[in-house]
Amino acid sequence: MEEDWTPVLGAAPLLAIAAGAIALILVLIIRFKVHAFLTLVIVSLLTAVAAQIPLENIASVATTGFGSTLANVALLIGFGAMLGRLVEHSGGAQALADKLVSVFGEKRAPFALGIASLILGFPMFFDAGLIMMLPIVFAVARRVSGNNVLLFGLPAAAAFSVMHVFLPPHPGPVSATEFYGGNLGIVLLLGLIIVFPVWYLSGYAWGKFVSNRIKLPVPALFGEKDDDLPSNPPKVSTVILLLLLPMLLIFLNTGLTSLGSAGVVDTSALWARIAILLGNSPVALLIAVVVATIVLGFRRGEKGSAIEKIVDSALGPISSVVLITGAGGMFGAVLRESGIGDALADTLDSFGMPVIIAAYVIAVVIRLAQGSATVALVTAAGLVAPAVLEGGFNEFQIAAITLATAAGSVFAGHVNDSGFWLVGRLMGMDVKTTLKTWTVQQTIESLVAFAFVLAIYGVASIF
């Protein structure tokens, strides 16, 4: 922004503005078929004016929200699409899909992909893991499900969401744990207990249910299926190692960062700084693309010009995904700058609910109002922290409150969340279908997780 300013509207008018803006987005896109990118930009500007953000600040707020969203996402999507296209063109995705089906069977293939995504999601952020896993998801979907991507895409995406929201070393639960003065090890332990059942119910079971009702063809994100795949595709082990490479690098980053925060490792040392840089998500995916270019391209006899065309063909289909995701980030940034999160948090704080319920409800309302799960989690934790610190809770109760806040922060992701547009566009869904599938999945994930956390909190209260 060009200068600081203080929001002048209260919670009620800001909530009305947010609700009206969301309704306008849905009407323009679903009813009048206006392109999502144009719609989000236009409504973001109108919302900023209605929220009385100073006119001289509006352009800065909008472009900053757009740019900050794309700072990582554009690189992740671009490198992920390149990696996916190289794996797809070489026949590696099909080879891995055939192997998965032969080992687990067609009926258990969605479950196997979901478990693989849970494992990959431990160190990897949601967007990085999803874009890296999609070429395999699409290949298996073409191989097994009669070209219905939801059966495989939703369990995989839900797996990355669950791991990102509830488990350290991801930033949300780490930040909330610090606010509450909790024990990160106990948060990790309780998170590990709940992530599988939460994923199974909200990702795997929901994916199977909704895929029987909505038939969604596999999109051509990584190019159309090649009918003339190479007769000598790469070994399955080669493809797996390529997928594990960025995961291991990112795990190195997150692991060293966590150990540094705990004082175990000196992260100012040169070797640690180099390792942390190599494990930064965009850098890790870039390294994977370079290795894939060598292993799947040059070493298999492809010429430089052919490889360049293969990689370039991956970028066209994802341009719309990048722009729409950035515009979704712009809309969320405008809502955050309007002060709606703080206004709602202050209002809800006066209701006198039990701490664990207050933490969940505040996170839910802020998530619905402004979109970002991380902002909802951090804002709710900051507001509830004094009550937690002074409440005499034991470490297991504090860990449960932390996870309850995390559960609230993921509730019902919709049009003001850049992740909504990322998932929807990557899987080729329109807005209406994304609301029916992904928004409902996020809601189930939130409610199921909160139910498990309440049970844990009740048991912890006995001791």
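Before any of the text, the structure's been laid out above.
Residues numbered from 1 in each chain as written. Predicted model: local features only at pLDDT ≥ 70, side-chain atom pairs only at ≥ 80, totals over all residues. Heavy atoms only, no water.

Q: Which residues make up the overall build of the protein, and what values do they have?
A: The helix and strand tally for the protein stands at 20 helices and 0 strands. By the compact-globule yardstick of 23 Å for 463 residues, the protein fits well, its C-alpha radius of gyration being 22 Å. Dimensions along the principal axes, computed over C-alpha positions, put the protein at roughly 65 × 55 × 50 Å. In the protein, buried positions account for 56% of the 463 residues. Sequence separation of at least 24 residues holds for 83% of the intrachain contacts in the protein that already meet a minimum separation of 6. (Helix = DSSP H or I, 4+ residues; strand = E, 2+ residues; numbered from the N terminus. Rg over C-alpha atoms; globule rule 2.2 N^0.38 Å. Buried < 20%, exposed > 50% of the residue type's maximum accessible area, 1.4 Å probe, protein only. Contact = heavy atoms within 4.5 Å.)

Q: Just give me the short version of the side chain of Q441, but keep the residues and values in it.
A: Structurally, Q441 can be placed in helix α20 (residues 431-462). Setting aside residues up to four positions removed in sequence, Q441 forms contacts with A158, S202, G203 and W206.

Q: Quick one: what's the story with the packing of helix α18 (residues 395-409) against α20, residue by residue and with numbers?
A: The contact between α18 and α20 brings their axes to 9 Å, and the two run at 170°. It follows from the interaxial angle that α18 and α20 lie roughly antiparallel. As α18 runs across α20, the sense of the crossing is left-handed. Packed against α18, whose contacting residues are F396, Q397, A400, I401, L403, A404, A407 and G408, the element α20 presents S446, A449, F450, V453, I456, Y457, A460 and S461 at the interface. Across the contact of α18 with α20, the residue classes break down as 12 nonpolar, 4 polar and no charged. (Axes fitted to C-alpha atoms, helices over the stretch in contact; angles between N-to-C directions. Parallel < 35°, antiparallel > 145°, perpendicular 65-115°, else oblique. Left-handed = near helix turned anticlockwise from the far one by under 90°. Nonpolar A, V, L, I, M, F, W, Y, C, P; charged D, E, K, R; others polar.)

Q: Describe the packing of helix α10 (residues 236-261) against helix α11 (residues 270-278), naming the residues involved and giving the relevant values.
A: At a minimum axis distance of 7 Å, the contact between α10 and α11 shows a crossing angle of 130°. The orientation of α10 with respect to α11, classified from their angle, is oblique. As for how α10 packs across α11, the hand of that crossing is left-handed. Every residue of α11 that contacts α10 at L249, L252, N253, L256 and T257 is listed here: W271, A272, A275, I276 and L278. In terms of residue class, the contact of α10 with α11 is made up of 8 nonpolar, 2 polar and no charged.

Q: Can you lay out a positive patch on the surface for me, pointing to particular residues and giving the numbers?
A: Residues R31, K33, K432 and K436 make up a contiguous surface patch of positive charge. When you line up the elements, R31 lands in helix α1 (residues 11-31). (Patch = residues over 30% accessible without salt bridge, like charges linked within 9 Å, V, L, I, M, F, W, Y side chains within 5 Å. Areas by Shrake-Rupley, 256 points an atom, 1.4 Å probe, with all protein chains shown as cover. Salt bridge = Lys/Arg side-chain N within 4 Å of Asp/Glu carboxyl O. Lys, Arg positive; Asp, Glu negative; His and termini not counted. Charge placed at Lys NZ, Arg CZ, Asp CG, Glu CD.)

Q: Which residues make up the pattern of salt bridges, and what values do they have?
A: Considering all chains together, one arrives at 3 salt bridges under this definition. Salt-bridge contacts for R143 lead to E106; the nearest nitrogen and oxygen are separated by 3.9 Å. Of this pair, R143 sits in helix α6 (residues 126-144) while E106 sits in the loop between α4 (92-104) and α5 (109-120), placing them 37 residues apart in sequence. Relative accessible area serves as the criterion here: at 43%, E106 is assigned to the partly exposed category. In this structure, the salt-bridge partner of R367 is D417, at a minimum N-O distance of 3.3 Å. Highlighted residues: R367 in helix α16 (residues 355-370) and D417 in the loop between α18 and α19 (418-426), separated in sequence by 50 residues. The network of salt bridges with common partners includes D98, E106 and R143.

Q: Tell me what's going on with helix α3 (residues 55-90), and back it up with residues and numbers.
A: The terminal C-alpha atoms of α3, which comprises 36 residues, lie 52 Å apart, in line with the 52 Å expected from a rise of 1.5 Å per residue. Approximately 45° is the largest bend angle found in α3, and it occurs at L70. After α3 finishes, the residue G91 shows a positive phi value of roughly 90°. (Expected span 1.5 Å × (residues − 1). Bend = angle between axes of the 7 residues up to and from the residue.)

Limitation: the analysis is restricted to geometry and does not speak to function.
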